[in-house]
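# Architecture and fold: a report
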Amino acid sequence: MKSRSGRLALTALAVLLGFLVVVQLRSQASAGGLENLSAADLTTLIANLNTRNEQLAAEQAALRSRLTELRAAGTQHERLVTAIRDELERMRRWAGVDPVVGRGVRIVVDGPIGANGVNDLINELRSAGAEAIAVEGVRITASDVVADLPDGLAVEDIALAPPFTIWAVGNPPVLTASLTRVGGIIGRIQVSQPLVSIAVEPQALVDIPATRHPTGPRFGQPRL
Amino acid sequence: MTVGRFDLRWRRPAGWQVTLAAALLGLGFLVAVQLQSQGPRARYTSQERPPLVATALELSDRQAGLKASIAELRSEIQQLESAVAEDDVAVSTLNESLVEARIAAGLVDLAGPGVALQFDDAHGPLPAGANASDYRVQAEDLRDLLSALWLGGAEAIAINGERVTIATAVIDIGGTVLVNSAYLAPPYVITAIGGDDLYERLTGSDALRSLLDGRVVPFALDLRAGPLDEVDVPAYAGNVRLVEARPVPTATPAVPGTEP
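Calculation notes
- Once a new chain begins, its residue numbering starts again from 1 and follows that chain's sequence as written.
- Chains carry letters and ligands carry numbers; both start at the beginning, A for chains and 1 for ligands, and go up in the order they are written.
- Note on the predicted model: pLDDT of at least 70 is required for a residue's local features to be given, and 80 or more for side-chain atom pairs to be given and counted; whole-chain, interface and lining totals, by contrast, use all residues.
- Side-chain descriptors were evaluated using all non-hydrogen atoms of the structure, hydrogens and water having been removed beforehand.
- Just to be clear on terms, a salt bridge is a Lys or Arg side-chain nitrogen sitting within 4 Å of an Asp or Glu carboxyl oxygen.
- Secondary structure elements follow DSSP: runs of H or I of four or more residues count as helices, runs of E of two or more count as strands, with numbering from the N terminus.
- Each pair of aromatic rings taken from Phe, Tyr and Trp, with Trp reduced to its six-membered ring, is defined by centres within 6.5 Å and is described as stacked if the planes are under 30 degrees apart, edge-to-face if over 60, and tilted in the remaining cases.
- Think of it in three bands: with a 1.4 Å probe and only protein chains considered, a residue is buried below 20% of the maximum accessible area for its type, exposed above 50%, and partly exposed in between.
- In the cavity and pocket records, a cavity denotes points on a 1 Å grid over the protein atoms alone where a 1.4 Å probe fits but cannot get out, a pocket denotes an open set with protein on both sides within 12 Å along at least 5 of 7 lines, and lining residues are residues with an atom within 4 Å of a point.
- Grid points are joined across faces, edges and corners, and a volume is the space filled by probe spheres set on the points.
- Under this grouping Gly is polar, as are all residues other than the nonpolar Ala, Val, Leu, Ile, Met, Phe, Trp, Tyr, Cys and Pro and the charged Asp, Glu, Lys and Arg.
- The pairing criterion for strands is at least two bridges between them, as found by DSSP.
- Fitting a line to C-alpha atoms yields each axis, with helices limited to the stretch in contact; the angle taken between N-to-C directions then spans 0 to 180 degrees.
- The criterion used for residue contact is that any of the two residues' heavy atoms lie within 4.5 Å.
- Each of two parts loses accessible area, computed with a 1.4 Å probe, when they are put together; buried area is these two losses added.
- Contacts described as polar in this section are N or O atom pairs within 3.5 Å, which, within protein, must combine one atom able to donate a hydrogen with one able to accept it, while residues neighboring in sequence count only if both atoms come from side chains.

So, on to the pattern of salt bridges. Scanning the entire structure with this criterion turns up 23 salt bridges over all chains. With its nearest N and O atoms 2.9 Å apart, the salt bridge here joins A:Arg223 to B:Glu230. Taken together, the residues A:Arg223 in strand S9 (residues 221-223) and B:Glu230 in strand S8 (residues 222-233) connect one chain to another. One network of salt bridges, with partners in common, ties together A:Glu59, A:Arg66, A:Glu87, A:Arg90, B:Arg74, B:Glu81 and B:Arg102.

Quick look at the structure:
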């Protein structure tokens, strides 16, 4: 093509093609499957995202204030030590390195429940905002899961013979409502395993021990 | 006044004409695909759903922004603490303990030997009368895979970049999966750090066998895994929420350097 206008037309066409390819790819990727959800599911998803974003915004505000506090402390030794010590204490409680106490729930599980059922209960407690969980005196960290062994259930090296108890620290009404709602986790377990009974009781004071296993990585290198 | 004349004799098309024709064909195809892909969505979302989808996407974007900001603030705080610790022995000791606690909590990136897995929905047409959700990776499938990894000796795991922590829940909402309340879409990429034998322990485990026999094989889910000399598991960028959990009153200091 020799004419200048012809080259321009072809260039414009190439640009338009590129634009359409991008639009098409983006339109397929952007909703990421959300368009398949029902209005009710979308509403639940939005409620979850809203709650989470409020919590994240609170964390962001707390971190900003901590940064300001650290900067203000400057070289004032006592203020600095207090600020770091408070953060250390909070982090160890959250990570399961230290024991904690607080309001919560007691869940007594009886009958032939499988490991997946117990792990699902733990997952539901986390989803409802439980801040610390223990199963028969074993603090449940990220890596602690209940296992199905040939002779029964176990968590860490503790055998779980029904009836056994799960303790959780968190808002008692919220935890109880989340576990016992119609169509919730307990209902689903009892439909698939009718001989299992699960009783939830709010508690004014729950003691959760520290984890007994080392919490530092053996193979992973921290990237600080 | 001149009048243009048309030459109706057949001539071999020039190279640029062929290129232009091919480009126009491509353009037409893309326009058609674009219009078709918008069609069904526009039809069924004609009432309440488009604003809901848009709101969910907006909130997801906001969540990503908040997490990025939190990660940045944590890094700034850590740098400040380390800088102060250089000149102060007491602060330095406390700071080392704080870094250890943050590593235990999953607030620090880790890299090390482990495995990478990809878990995706079934591909291709479904059998007649099949329940479509059975052929999608569900939260329970991911939870079972996490259990198999932890029992196989994993020490740190992330799903699509979301670090699995002590507070992480993996839940279904409709056909979607939330991890740390972040909306994730398949394929799910799971990275896990463990010993050199993590892959062997995982693939030889009863927990994985049960997932394969119960879900992956019967519903043609796409699960792939391989060992890697180094995988990255990013830090948790969410909130550390402690409202009810208080320290246990103790006669001995729980935290190094604290007064009883």
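The full count for this structure, using the stated rule, is two aromatic pairs over all chains. Between A:Trp94 and B:Tyr236 the ring centres are 5.7 Å apart and the planes differ by 15°, which places this aromatic pair in the stacked class. Placement of the pair is A:Trp94 in helix H3 (residues 77-95) and B:Tyr236 in the loop between S8 and strand S9 (246-247), with the two residues belonging to separate chains. Take A:Trp94 and B:Tyr236: they sit in the same class, and that class is buried. On the numbers, 5.3 Å between centres and 85° between planes, the contact of B:Tyr135 with B:Phe219 is edge-to-face. Residue B:Tyr135 is found in the loop between strand S1 (109-120) and helix H4 (139-151), and its partner B:Phe219 is found in the loop between helix H6 (206-216) and S8; the two are separated by 84 residues along the sequence.

Take empty space enclosed by the protein next. According to the stated counting rule, one finds three cavities of 30 Å³ or more in the structure shown. Quantified by volume, the largest cavity comes out at close to 220 Å³. Lining the largest cavity are 17 residues, and of these A:Asn119, A:Arg126, A:Val145, B:Arg143 and B:Ser147 lie nearest its centre. Residue assignment for the lining of the largest cavity shows that the elements contributing at least two residues are helix H4 (115-127) of chain A together with H4 of chain B. In the lining of the largest cavity, the residues fall into seven nonpolar, five polar and five charged. Approximately 60 Å³ is the volume attributed to the second largest cavity. Lining the second largest cavity we find A:Glu59, A:Leu63, A:Glu87, A:Arg90, A:Met91, B:Arg74, B:Ile77, B:Arg102, B:Leu107 and B:Val240. Of the residues contributing to the lining of the second largest cavity, the split by class is five nonpolar, no polar and five charged.

This paragraph deals with the sheet that holds strand S6 (residues 182-184) of chain B. Residue and element names in this part refer to chain B. Strands sit in the order S4-S5-S6 across an open sheet of three strands; the sheet is antiparallel. Here the strands that pair on one side only, and so sit at the sheet edges, are strand S4 (170-173) and S6. Across the sheet, the mean angle from the axis of one strand to that of its neighbour is 35°, orientation sign disregarded. Bridge analysis of S4 against strand S5 (residues 176-179) gives four bridges, and the strand direction is antiparallel.

This next bit is on the interface of chain B and chain A. Contacts between the two partners involve 104 residues from chain B, matched on the other side by 91 residues from chain A. Buried surface at the junction of chain B and chain A, summed over both partners, amounts to about 9,100 Å²; 67% is from carbon and sulfur atoms. At the boundary of chain B with chain A, the tally comes to nine salt bridges. Summed over the shared surface of chain B and chain A, the result is 29 residue pairs in polar contact (both at pLDDT 80 or more). For the side of chain B that touches chain A, the element with the highest residue contribution is helix H2 (residues 49-85) of chain B, accounting for 22 residues. For S9(A) and S1(B), the ladder comprises three bridges, and the chain directions are antiparallel. Bridge pairing in S1(B) places A:Pro222 opposite B:Leu110.

Residues and elements named next belong to chain A. An order of S4-S5-S6 is seen for the three strands of this open sheet, with the pairing classed as antiparallel. Only two strands of the sheet have a single neighbouring strand rather than two, namely strand S4 (146-149) and strand S6 (158-160). Neighbour-to-neighbour, the strand axes of the sheet open up by a mean angle of 40°, direction not taken into account. Bridge count for strand S5 (residues 152-155) against S6 is three bridges, and the pairing is antiparallel. Residue pairing for S6: Val-155 is matched across the bridge by Ile-158.

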